[in-house]
Amino acid sequence: MERPETGDPRRTKYPIPYGKHWSPLFGDCMLHLGPRDPGRKGLQGSINPNARHKNRMELLRDVLVQSALTQGEKTAVRFFRGGLAETDLSYAKLHRDSSRLANFFFERGVRKGDRVILYMEKSLIFVVAHLGLQKIGAISVPLNPGLKKSEMEYFIQDSDPKLIMAGTAQEALIREIDTGAYTVLIDTDRPYSELDFFQSFPDRSPATELRYEDPGLIIYCLLYTSPSPRDLSTSR
């Protein structure tokens, strides 16, 4: 497989364990620990911002469950489109929907340790899918929706995904590649409330034993030759 046409980069990938809370991973589309920033565009929210967990070995899955129990119907995530608030998800709804997506993935053969590529525009379904994958021990592989064909071919070959969840805007490129993986297409231009393909699944995720050190996320970086380390570009 030839290297992607990206200025002869050196590639690195960073496995992140389930115990690590993730933050500005998706740029303006983000779920973070801490108070909301009313001036930020995209997706904002928190996982139980009123509590700082003493146990740093706690799994993200368990933090989400605890937040649903303690915060209930309080708003956890707010998604903006065109500068306007489009969708609010409560802690309880976020927990239920991520469990439904966990069952959706599980029914399609995704198991602990399997890699699932998330290749779509910034969206609420992106975040909920990531959390669903965490619940069954799968490894989330978020990729920049603007990647070129040669780049995608490399990342698909290297990560060997069990499933690819892609946006309809990325459908044409995906069809040009022999991915060897089951592909789910999502129309991210539709409001989250209209995406009902997973709503019929149980809202309790399959029982999966997880350890803190189990890999839960792989981030690929494109490192370009430059005298300055500030030229590091990350595919999110």
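Parameters at a glance
Residues take numbers from 1 onward in each chain, read along the sequence in its written order. With the structure being a predicted model, the display of local features is reserved for residues of pLDDT at least 70 and the display and counting of side-chain atom pairs for 80 or more, all residues being used for whole-chain, interface and lining totals. Side-chain descriptors were evaluated using all non-hydrogen atoms of the structure, hydrogens and water having been removed beforehand. Every angle, taken between N-to-C directions, lies between 0 and 180 degrees, and every axis is a line fitted to C-alpha atoms, over only the stretch in contact when it is a helix. To qualify as a helix, a DSSP run of H or I must reach at least 4 residues; to qualify as a strand, a run of E must reach at least 2; elements of each kind are numbered from the N terminus. Angles are sorted into four bins: roughly parallel if under 35 degrees, roughly antiparallel if over 145, roughly perpendicular if 65 to 115, and oblique for all others. We call a crossing left-handed when the near helix sits turned anticlockwise from the far one by less than a right angle, and right-handed when that turn is clockwise. Contacts were defined at the residue level, with two residues in contact if any of their heavy atoms lie within 4.5 Å. Under the convention adopted here, Pro, Cys and the residues Ala, Val, Leu, Ile, Met, Phe, Trp and Tyr are nonpolar, Asp, Glu, Lys and Arg are charged, and Gly plus all remaining residues are polar. Relative accessible area decides the class of each residue, using a 1.4 Å probe on protein chains only: under 20% of the type maximum gives buried, over 50% gives exposed, and in between gives partly exposed. A residue's pLDDT is the confidence the predictor assigns to it, expressed on a 0 to 100 scale. Definition used in this section: a nonpolar core is a set of buried Ala, Val, Leu, Ile, Met, Phe, Trp, Tyr and Cys residues joined via side-chain atoms within 4.5 Å.

J.: I'd like to hear about the packing of helix H2 (residues 91-107) against helix H3 (residues 124-135), residue by residue, with values.
T.: One way to put it is that H2 packs onto H3 with a least axis distance of 7 Å and a crossing angle of 65 degrees. As far as their axial angle goes, H3 and H2 are roughly perpendicular. For the element pair H2 and H3, the recorded crossing hand is right-handed. Taking contact as the criterion, the partners of Leu94, His95, Asp97, Ser98, Ser99, Leu101, Ala102 and Phe105 in H2 are, on H3, Ile125, Val128, Ala129, Leu131, Gly132, Leu133 and Lys135. Looking at the contact of H2 with H3, its residues break down into nine nonpolar, four polar and two charged.

J.: Residues and numbers for helix H4 (residues 149-159), please.
T.: The set of residues buried in H4 consists of Ser150, Glu151, Met152, Tyr154, Phe155, Ile156 and Ser159. Backbone geometry just after H4 places Asp160 at a positive phi near 50 degrees.

J.: Can you tell me about the packing of helix H1 (residues 60-71) against H2, naming the residues and giving the values?
T.: For the pair H1 and H2, interaxial distance at closest approach is 8 Å and the crossing angle is 140 degrees. As the angle between them shows, H1 and H2 are arranged oblique. When the axes of H1 and H2 are compared, the crossing they make is left-handed. Along the contact surface, H1 presents Leu64, Val65, Ser67, Ala68 and Gln71, while H2 presents Tyr91, Ala92, Leu94, His95 and Ser98. When its residues are assigned to classes, the contact of H1 with H2 shows six nonpolar, four polar and no charged.

J.: Account for the environment of Thr75, with residues named and values stated.
T.: Residue position: Thr75 is located in strand E3 (residues 75-81). For the pair Thr75 and Leu89, spaced 14 residues apart in sequence, the C-alpha separation works out to 5.8 Å.

J.: Pulling in residues and values, what's your account of the confidence of the model for the chain?
T.: A residue-level look at the chain finds 69% of positions with pLDDT of 70 or above and a mean pLDDT of 77. At the low end of the mean pLDDT range in the chain sits strand E10 (residues 233-234), at 26; at the high end sits strand E7 (residues 163-167), at 97. This stretch, residues 1-14, has a pLDDT under 50; its non-local contacts, to residues over four places away or in other chains, come to 40 contacts. The low-confidence segment residues 16-56, where pLDDT is below 50, has 124 contacts with residues more than four positions distant or belonging to other chains.

J.: Can you lay out the nonpolar core for me, pointing to particular residues and giving the numbers?
T.: Counting 33 residues, the largest nonpolar core has Leu94, Leu101, Phe104, Phe105, Val110, Ile125 and Met165 as its most contacted members. Mapped onto this core, the elements with two or more residues apiece are H1, E3, H2, strand E5 (115-119), H3, E7 and strand E8 (182-186). Examining the composition of this core, we find that eight residues originate from one element, H3, more than from any other. With residues near it in sequence (within four places) discarded, Phe104 still touches Met165, Val184, Phe197, Phe198 and Phe201. One finds Ile139, Leu147, Tyr154 and Ile164 within the second-largest nonpolar core, a separate group that totals 18 residues.

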